[in-house]
Amino acid sequence: NVNGDQQKSKDLAQLFADTGIIEKILYNDSAVQNDFNSYTASKGVPGKMQYYDGHANHFHVRILPEYKLASMGACP
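Everything numeric in this text was worked out from a predicted model, so none of it was measured. (Residues numbered from 1 in each chain as written. Predicted model: local features only at pLDDT ≥ 70, side-chain atom pairs only at ≥ 80, totals over all residues. Heavy atoms only, no water.)

Draft legend 1. Examining the packing of aromatic side chains more closely. One pass over the structure, following the stated rule, counts 2 aromatic pairs. Look at Phe16 and Phe59: their rings are 6.4 Å apart centre to centre, the planes differ by 65°, and that puts the pair in the edge-to-face class. Highlighted residues: Phe16 in helix H1 (residues 6-18) and Phe59 in the loop between strand S2 (48-50) and strand S3 (60-63), separated in sequence by 43 residues. With relative accessibility at 27%, the residue Phe16 sits in the partly exposed group. With 4.6 Å between their ring centres and 90° between their planes, Tyr27 and Phe59 make a pair best called edge-to-face. In this pair, Tyr27 is assigned in the loop between strand S1 (22-26) and helix H2 (30-43) and Phe59 in the loop between S2 and S3, connecting sequence segments 32 residues apart. (Phe/Tyr/Trp six-rings, centres within 6.5 Å; stacked < 30°, edge-to-face > 60°. Helix = DSSP H or I, 4+ residues; strand = E, 2+ residues; numbered from the N terminus. Buried < 20%, exposed > 50% of the residue type's maximum accessible area, 1.4 Å probe, protein only.)

Rendered as structure tokens:
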């Protein structure tokens, strides 16, 4: 989340979506999740935002496997 600002969090998530390489974002604000998931569906870009324990105040962004660097280890 961007300093507790829900709109800025939505805007940041949409910027990630616009890259076209997002697999998923972990974040626990249901309004931001709904907005993000509707946005990606309407744009036809990959990516889903979902709840993940302990992610009430920050994002984890996972990119699609084909865009990961070979040097990156496996992420949970």
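Draft legend 2. Focus on the pairing of S1. Bridge count between S1 and S3: 4 bridges; the pairing is antiparallel. Counterpart to Leu26 in the pairing with S3 is His60. Looking at chain direction, S1 and S2 are connected through 3 bridges and run parallel. Directly across from Lys24, in S2, lies its bridge partner Lys48. Assessed by its sense of winding, the connection that carries the chain from S1 through H2 to S2 is right-handed. (Pairing = 2+ DSSP bridges. Right-handed = clockwise from strand over helix to strand, strands pointing away.)

Draft legend 3. Representation of the side chain of Thr40 in the model. Structurally, Thr40 can be placed in helix H2. When its relative accessible area of 4% is taken as the criterion, Thr40 is described as buried. Polar side-chain contacts of Thr40 include one of 3.1 Å to the backbone oxygen of Gly47. When near neighbours in sequence (up to four residues on either side) are disregarded, Thr40 contacts Ala17, Val45, Pro46 and Gly47. (Polar contact = N/O pair within 3.5 Å; in protein donor to acceptor, adjacent residues only side chain to side chain. Contact = heavy atoms within 4.5 Å.)

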